[in-house]
Amino acid sequence: GDYSILVATVGPEDATDKNVFWSSSDPSVATVVQTGFTTAVTAVSSGSVVISATVGGMMATCVVSVQTSPDYIDEYGINHGKGIRIGQLVWAPVNCGYHESDYKYGKLYQWGRKDGQGYEGDADVPELHDGRVSVEEGQDELNANVFFMSSSTNYFTWMLSFDETLWNSGTEESPIKTEYDPCPKGWRVPTNRELKTNYTNKSTWTTNEDGQNGYWFSGPNTYGEKVSRVFLSAAGYRNEKGQSLARGREGHYMSSYVSGSRHDLLNLSTSNVISGNGSTLPIYGLSVRCIRE
C-alpha cells in the first residue's frame, strides 16, 4: 500500500517524442500508474521489481525493493495497524505508551530513557526520586515508574554522565535505533529533521474525536481533511520538579537528537506550533510519537 514517486527526465529539449511509457516487471510486487513524466510506484507484496520508463527506443530502469512493514504493536501487545504515511515517513497511529483506558495521551518520557510514566489522573503516576543516577540505574526495570527530579547539583538531566547516543547511536541523516529507544520493534524515535517535516502543514487548534485538544498535521502535503494526516495532542508535560502541567493546553514531542544539556523537539500550544531547537531540558517528561524504521 505504500508508494513512492519516480520522475523521468527526457532530453534534449527539442526531442520530437517525449511520451513516457511506464511499466513494472512484476505487478504482483509493485504497480505503476501512468502520469506522464512521473509515476506512483505502489507496493503490493514483498520482493524486488524493475520499473522501466521508455521513450521511443530509449529506456531507463530503477530497481525497487518491497519489504513487509511491521504493524505498530505496543508494549501491551495491542496491534494498532501499520501507521500513517505522510510523505516518505510513516507515523505511529498513537503516542508511545498509549493505552485506551489507562494512558489516553500516552506516557511521558525523560530524554534517553526506555520507560515512560503517567500524568496526574492516569492509571498510575510515578514515584519521584532525586537525580542524578547512572544510565544503568535509570534504565533498570525496577525504576520504570520512577521520575528522576533535579537536585541541587543538577538541573538539566537525570544522568550522572551525559550520553548523547541513548536514543540514536548514528546520525541525523542515518539514525540507528538503540536498546533504550522506547518505541516498539520496527519503530523508533524520530530525528529532529524528521520531526520538523511533519509540521509544515497543519490544521488550526482543534479537538479530535476523543475530546483531546491539538493539531492535525499533514507534513509536506497541503492540509485538508481528506489528505493523510496525524493528530498530535496537547498531552502536557512533567517538569524538573516532577509536577504534571498543561494537559489540554500544550504538547511537547521529542526527537532523538540532543546536544549538551538540551534537546530538540516540537512544541504545540493553543496559539502556535514551533520547532524548539535546543529549547528543553532532558530531565523533563515529554511525549514521543514513533516513526517506522
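Everything quoted here is computed from the prediction, not taken from an experiment.

1. Thoughts on the state of the cysteines
Disulfide: a covalent bond connecting the sulfur atoms of a pair of cysteines. Using the criterion set out here, one finds one disulfide in the structure. The residue that forms a disulfide with Cys183 is Cys290, at a sulfur-sulfur distance of 2.1 Å. Between Cys183 and Cys290, the S-S dihedral sits near -95 degrees, and the bridge is therefore left-handed. Linking Cys183 in the loop between β11 (146–149) and β12 (187–188) with Cys290 in the loop between β22 (285–286) and β23 (291–292), this pair joins segments that are 107 residues apart in sequence. Cys290 carries the same exposure label as Cys183, and that label is buried. The cysteine Cys96 is free of any disulfide, with Cys290 supplying the nearest cysteine sulfur at 4.0 Å.

2. Some remarks on the packing of aromatic side chains
Using the criterion set out here, one finds eight aromatic pairs in the structure. The interplanar angle of 75 degrees and the centroid separation of 5.4 Å between the aromatic rings of Trp205 and Tyr215 together place this pair among those described as edge-to-face. Residue Trp205 is located in the loop between β13 (201–202) and β14 (206–207), and its partner Tyr215 is located in strand β15 (residues 213–219); the two are separated by 10 residues in the primary sequence. For Trp205, a relative accessible area of 24% gives the class partly exposed. Its relative accessible area of 3% is what places Tyr215 among the buried residues. Feature note: the residues Trp111, Phe156, Phe162 and Trp167 constitute an aromatic cluster, connected by ring pairs. Sitting over the face of the ring of Trp158, Arg113 holds its NZ or CZ atom 5.9 Å from the ring centroid. Across the ring face of Trp216, the terminal group of Arg229 is positioned such that the distance to the ring centre comes to 3.8 Å.

3. Details of the sheet that holds strand β6 (residues 58–66)
Taken together, three strands build an open sheet; the order of strands is β2-β5-β6 and the sheet is antiparallel. In this open sheet, the two strands that pair with only one neighbour each are β2 (21–24) and β6. Shown here is a sheet whose adjacent strand axes are inclined to one another by a mean of 20 degrees, direction ignored. Relative to strand β5 (residues 47–55), β2 runs antiparallel, the two sharing four bridges. Bridge pairing in β5 links Ser24 to Ile51.

4. Brief notes about a nonpolar patch on the surface
Taken together, Tyr3, Ile5 and Val7 make up a surface patch of nonpolar side chains, about 300 Å² in accessible area. You can call Tyr3 partly exposed: its relative accessible area is 41%.

5. Topic: the pattern of salt bridges
Here the structure, examined in full by the defined rule, presents seven salt bridges. For Glu75, the salt bridge identified is with Lys107, shortest N-O distance 3.3 Å. Of this pair, Glu75 sits in the loop between β6 and β7 (84–86) while Lys107 sits in the loop between β8 (89–91) and β9 (109–110), and the two are 32 residues apart along the sequence. With a relative accessible area of 51%, Glu75 lands in the exposed category. Among the ionic pairs, Arg247 bridges to Asp122, the shortest N-O distance being 3.2 Å. One end of the pair, Arg247, is in the loop between β18 (244–245) and β19 (250–259); the other, Asp122, is in the loop between β9 and β10 (127–130), with 125 residues separating them in the sequence.

6. Here we look at unusual backbone geometry
Here Gly11 and Pro12 are connected by a cis peptide whose omega angle stands at -5 degrees. When you line up the elements, Pro12 lands in the loop between β1 (3–7) and β2. For the peptide bond that leads from Gly131 to Arg132, omega is 5 degrees, which places it in the cis range. The backbone of Ala246 shows a phi angle near 70 degrees, a positive value even though the residue is not glycine. With relative accessibility at 7%, the residue Ala246 sits in the buried group.

Reading guide: rules and limits
Residues numbered from 1 in each chain as written. Predicted model: local features only at pLDDT ≥ 70, side-chain atom pairs only at ≥ 80, totals over all residues. Heavy atoms only, no water. Disulfide = S-S within 2.5 Å. Helix = DSSP H or I, 4+ residues; strand = E, 2+ residues; numbered from the N terminus. Buried < 20%, exposed > 50% of the residue type's maximum accessible area, 1.4 Å probe, protein only. Phe/Tyr/Trp six-rings, centres within 6.5 Å; stacked < 30°, edge-to-face > 60°. Lys NZ or Arg CZ within 6 Å of the ring centre and 35° of its normal. Pairing = 2+ DSSP bridges. Axes fitted to C-alpha atoms, helices over the stretch in contact; angles between N-to-C directions. Patch = residues over 30% accessible without salt bridge, like charges linked within 9 Å, V, L, I, M, F, W, Y side chains within 5 Å. Areas by Shrake-Rupley, 256 points an atom, 1.4 Å probe, with all protein chains shown as cover. Salt bridge = Lys/Arg side-chain N within 4 Å of Asp/Glu carboxyl O.

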